[in-house]
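Survey of secondary and tertiary structure
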Amino acid sequence: MKFGKEFSSQMVPEWEKAYVQYDYLKTLLKDIQRFKQRTRPPASPGGLKRNLTLYRAFSGLTQWQQHNPVSPSSASDIESQTILVNSVSKNGGHSYETTFRMSADEGGEYELVYFRRLDDEFNKVDKFYKSKVQELLKEAATLNTQMDALIAFRIKVENPPASWQSDESIDDKDKIKEKNNMKKKAHEEQKKPVEVKAPRPRPRPAPLEILEKVKINNTKETPRSTIKTVLGVPHQTEIKFNRENLRKVEDQLKQAFVEFYQKLRLLKSYCFLNTLAFSKIMKKYDKITLRNASNSYMKMVDNSYLGSSEEVFKLMERVEATFIKHFSNSNRSKGMNILRPKAKRERHGTTFSTGFFAGCTAALIIALIFIIRTHDILHKQGQKQYMDNMFPLYSLFAYIVLHMLMYATNIYYWRRFRVNYSFIFGFKQGTELGYRQVLLVGFGISVLALLTVICNLDMEIDPLSKDYHGLTEYLPLILVLLVALLFPFNIFYRSSRFFFLVCLFHCIAAPLYKVTLPDFFLADQFTSQVQALRNLEFYICYYGWGDVRHRTNYCSKSTVFNTFNFIVAVIPYMCRFLQCLRRLFEEKDPMHGYNGIKYFLTIVAVCMRTALNLDGGKGWEVLAWNFSVLAAIFGTYWDLVLDWGLLNRHSKNRWLRDKLLVSKKSVYFIAMLLNVLLRFAWIQTVVKFDFDFMHRNTLIAIVACLEIIRRGIWNFFRLENEHLNNVGKYRAFKSVPLPFNHDEDEDL
């Protein structure tokens, strides 16, 4: 792999603008090279076509042993140098300027431009690196205070032995006893020279006074704590010294150290990559111009803050030592495995299993089509009964699998365009799923669902018992229970399922939790799965009150079922509406209020369309049309302008953003067009299109799938916009709450 590609692949995505623009500097060198080629005299015909380096003086095999640095003060050396690099002060800051001494040479203006841009890039990198180091030094000071408080907290909880007590009277007794022993030995050995060894310093615990200046942060938000805050109930501020609180404090501080160490590692990588890039680009310059400027320039780089600062390396050593001692019981291998988790490798078994289940899915779909065609099932008497009762049960799995396929596609393209989805969603390092894992789960569910479909694809009722096979009728319910029961077990990516359940609970209890991106992102996914939620409602009705053996249900005649049709359809939008209100209350940003209005209009529109399907009156039709059109227009504008950041007419990419990850601009316009078209797929519920060749439930399923596809497209551009916002603000780390709140001012 060429260095340019390797350099870009190892960048911290959110810091991309802060790295040296290596490709841009290469284009400047290509300009110099083209000029040299135009002005260089042609080689004599018949000459040796070998590289010029083959005819240079032999440097020797042991030159590295005899190399002595030349004193920079030598006048002759300065005169022979191609460049001079000086440190200057500008606007109260410190920067470097390169003086190109060969500007009078032919084509020297090209090289002069190159060095000006090179200086700009280096000063940018050096300034950014210094600012990040200063931030980490401040954070390290905070962690020092946190560690002092933790050690004092441990002393209060664990009550160490008396030998560890910092009581001066005990120390005084020890000193007196030691002096008496020394006098006794001196008296016994008066004729021998007395050598008195200094007593070994005894470790002392951290001062307990620090606990008087700190309070435990109540960082874990619960519905109870939120309600207390709203009601104005004062929180418990007194520190309780028990083992449960100690464990919580240790876990929080442990996570803070892990995150801090990751910052140090990324900053170290940033320093190394940029230094290497400057070295590579200067070697290319020397090769093209046949000059020797890289040594002078790299000497400046080595003497700069970027090349000479050791704060990051020292901090890493201190963090490793502290973490191993205090959080891994002095077990270095265990501690380093936590600080430096191994990169997740793609396993061949996952790839094979994904391909196997994908092949099985395709084979089962083909087999299902052949069975339907061979037995002419579509024209049998039980076809309508099957579509009314069994099809809604199985279409649930189609919605789930399609959503997972869209999510896997999103992950593939997020990785391809270097969108840091793992950081944005807040996944624990090493637990995020790749697109292969998501496809494996999706195709696994599809295989099970297709097998159950084929098992009970019987359309004709038994003439003797006048019923269907009881066991096969319960296969959809068994499959749903099987998938649901897998959640608590530690198999098949349990950490991802737990993350999903936590976010799901936050969505259900929306106003009682602080809203984070994973929470409202998941709630948005459920707004596109309204039909799947209604199918779950149908499961309860069909297996609870339906006549399963005769494949008959009375759900549409039930007032309770029809009422829950409204409630189930509204739940996802209500969650988003409450999340918007919570963010409006906390952040005081009116945009969250406008977003809440969008979801409120959607709630009304969904209720009107549901009422139209149940009643069919003219009044409901008018209300459904008005609110649906209004909600669709508002939602489309919000998707394109605010969620995607597009339709900016003043952008350098007209009607798009200034910064785009996809090079083909047509992709964005096609996505916008599809979003508009799929947003209005609800029209079929109002107009009630009926096709002779298609059952009503089939049309409903197609419209639901179109909405899932629209959501999948939305997902990519929504996260792309979020990633670009993080890049613009250099946000590459998540903030970890610290366990203690330290008041420097005692009067607070």
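What you see is a predicted model, and the numbers here were worked out from it, not measured in a lab.

Points about the overall build of the protein
- Regarding its fold elements, the protein presents 28 helices and four strands.
- By residue count, 40% of the 748 residues in the protein fall in the buried class.
- The contacts of the protein with a sequence gap of at least 6 include a subset with a gap of at least 24, amounting to 75%.
- As displayed, the protein has an accessible area near 44500 Å², and 58% of this comes from carbon and sulfur atoms.

Side note on the side chain of R609
- Tracing the chain through its elements places R609 in helix 24 (residues 590-614).
- In this structure R609 touches A624, S628, W682, T685 and V686, once residues within four positions along its chain are discounted.

A closer look at the pattern of salt bridges
- A complete count under the given rule lists 26 salt bridges for this structure.
- A salt bridge links D639 to R679; the nearest nitrogen and oxygen atoms lie 2.8 Å apart. Of the two residues, D639 sits in helix 25 (residues 618-643) while R679 sits in helix 26 (residues 666-679), which places them 40 residues apart along the sequence.
- Classification of D639 by relative accessible area gives buried; the value is 2%.
- Residue class for R679 comes out buried when judged on its relative accessible area of 19%.
- Through salt bridges with shared partners, one network takes in K36, D105, E111 and R291.

A short note on the side chain of N562
- Relative to the assigned elements, N562 resides in helix 23 (residues 559-587).
- Judged by its relative accessible area of 18%, N562 falls in the buried class.
- Those residues in contact with N562 that sit more than four places away from it in its chain are C555, S556 and L614.

Concerning the packing of helix 5 (residues 108-158) against helix 11 (residues 311-327)
- One way to put it is that helix 5 packs onto helix 11 with a least axis distance of 11 Å and a crossing angle of 20°. In terms of axis orientation, helix 5 runs roughly parallel to helix 11. Of the two elements, helix 5 crosses helix 11, and the hand of that crossing is left-handed. Between helix 5 and helix 11, the residues in contact are Y129, V133, L136, L137, A140, M147, L150, I151 and R154 and E311, V312, L315, T322, H326 and F327, respectively.
- When the residues that make up the contact of helix 5 with helix 11 are grouped by side-chain class, the tally is eleven nonpolar, two polar and two charged.

Some details on a nonpolar patch on the surface
- Taken together, the side chains of L481, L485, L486, F489, I491 and F492 define a hydrophobic patch exposed on the protein surface, amounting to about 600 Å² of accessible area.
- Within the secondary structure layout, F489 lies in the loop between helix 19 (475-485) and helix 20 (494-508).

Focus on unusual backbone geometry
- At L290, a position not held by glycine, the phi torsion is positive, near 60°.
- Looking at the element boundaries, L290 is found in the loop between helix 8 (243-289) and helix 9 (294-303).
- Unlike most non-glycine residues, K588 shows phi in positive territory, near 60°.
- Tracing the backbone through its elements, the reader meets K588 in the loop between helix 23 and helix 24.
- A relative accessible area of 60% means that K588 is categorised as exposed.

A short note on the state of the cysteines
- Using the criterion set out here, one finds one disulfide in the structure.
- Two residues share a disulfide in this structure: C541 and C555, whose sulfurs sit 2.0 Å from each other. Measuring the twist about the S-S bond at about -120°, one finds the C541-C555 disulfide to be left-handed. With C541 in helix 22 (residues 530-545) and C555 in the loop between helix 22 and helix 23, this pair connects stretches of sequence that are 14 residues apart. Here the two residues C541 and C555 agree in accessibility, since each one is buried.
- Free of any disulfide, C503 has its nearest neighbouring cysteine sulfur in C507, separated by 6.8 Å.
- Judged by its relative accessible area of 6%, C503 is buried.
- Take C575: it sits in no disulfide, and the sulfur closest to it among the cysteines is that of C507, at 6.1 Å.

Some thoughts on helix 11
- The terminal C-alpha atoms of helix 11, which comprises 17 residues, lie 23 Å apart, in line with the 24 Å expected from a rise of 1.5 Å per residue.
- Here helix 11 has its buried residues at V312, L315, M316, V319, E320, T322, F323, I324 and F327.
- For helix 11, the secondary structure elements touched by its buried residues are helix 5, helix 8 and helix 12 (332-339).
- Positive backbone phi, approximately 55°, marks N329, located one or two places after helix 11.

Some remarks on the packing of aromatic side chains
- As enumerated under the stated definition, the model contains 46 aromatic pairs in all.
- Measuring from centroid to centroid gives 5.2 Å for F35 and Y110, while their planes differ by 35°, and the two rings are tilted. With F35 in helix 2 (residues 22-39) and Y110 in helix 5, the pair connects residues that are 75 residues apart, well separated along the chain.
- Judged by its relative accessible area of 13%, F35 is buried.
- Geometrically, the ring pair formed by F115 and Y285 is edge-to-face, given 5.0 Å between the ring centres and 75° between the ring planes. Here the residue F115 occupies a position in helix 5, and Y285 occupies one in helix 8, the gap between them amounting to 170 residues. Each member of the pair, F115 together with Y285, is buried.
- Here the aromatic cluster, defined as three or more aromatic residues joined through ring pairs, consists of F3, F7, W15, Y19, Y22, F128, Y129, Y270, Y305 and F733.
- For the cation-ring pair, K156 lies above F241, with the distance from its terminal atom to the ring centre recorded as 5.3 Å.
- Positioned above the aromatic ring of F585 is the side chain of K588, whose terminal nitrogen or guanidinium carbon lies 5.0 Å from the ring centre.

Points about the environment of T145
- Looking at the secondary structure, you find T145 in helix 5.
- For T145 and V214, which are 69 residues apart along the polypeptide, the C-alpha to C-alpha distance reads 9.6 Å.
- Residues in contact with T145, not counting those within four places in the same chain, are I210 and H742.

Describing a positive patch on the surface
- A surface patch of like charges, here positive, comprises K2, K5, K30, K280, K283, K284 and K287.
- Turning to its location among the elements, K287 is positioned in helix 8.

Criteria and thresholds
Residues numbered from 1 in each chain as written. Predicted model: local features only at pLDDT ≥ 70, side-chain atom pairs only at ≥ 80, totals over all residues. Heavy atoms only, no water. Helix = DSSP H or I, 4+ residues; strand = E, 2+ residues; numbered from the N terminus. Buried < 20%, exposed > 50% of the residue type's maximum accessible area, 1.4 Å probe, protein only. Contact = heavy atoms within 4.5 Å. Areas by Shrake-Rupley, 256 points an atom, 1.4 Å probe, with all protein chains shown as cover. Salt bridge = Lys/Arg side-chain N within 4 Å of Asp/Glu carboxyl O. Axes fitted to C-alpha atoms, helices over the stretch in contact; angles between N-to-C directions. Parallel < 35°, antiparallel > 145°, perpendicular 65-115°, else oblique. Left-handed = near helix turned anticlockwise from the far one by under 90°. Nonpolar A, V, L, I, M, F, W, Y, C, P; charged D, E, K, R; others polar. Patch = residues over 30% accessible without salt bridge, like charges linked within 9 Å, V, L, I, M, F, W, Y side chains within 5 Å. Disulfide = S-S within 2.5 Å. Expected span 1.5 Å × (residues − 1). Phe/Tyr/Trp six-rings, centres within 6.5 Å; stacked < 30°, edge-to-face > 60°. Lys NZ or Arg CZ within 6 Å of the ring centre and 35° of its normal. Lys, Arg positive; Asp, Glu negative; His and termini not counted. Charge placed at Lys NZ, Arg CZ, Asp CG, Glu CD.

The values are spatial; any link to function lies outside them.
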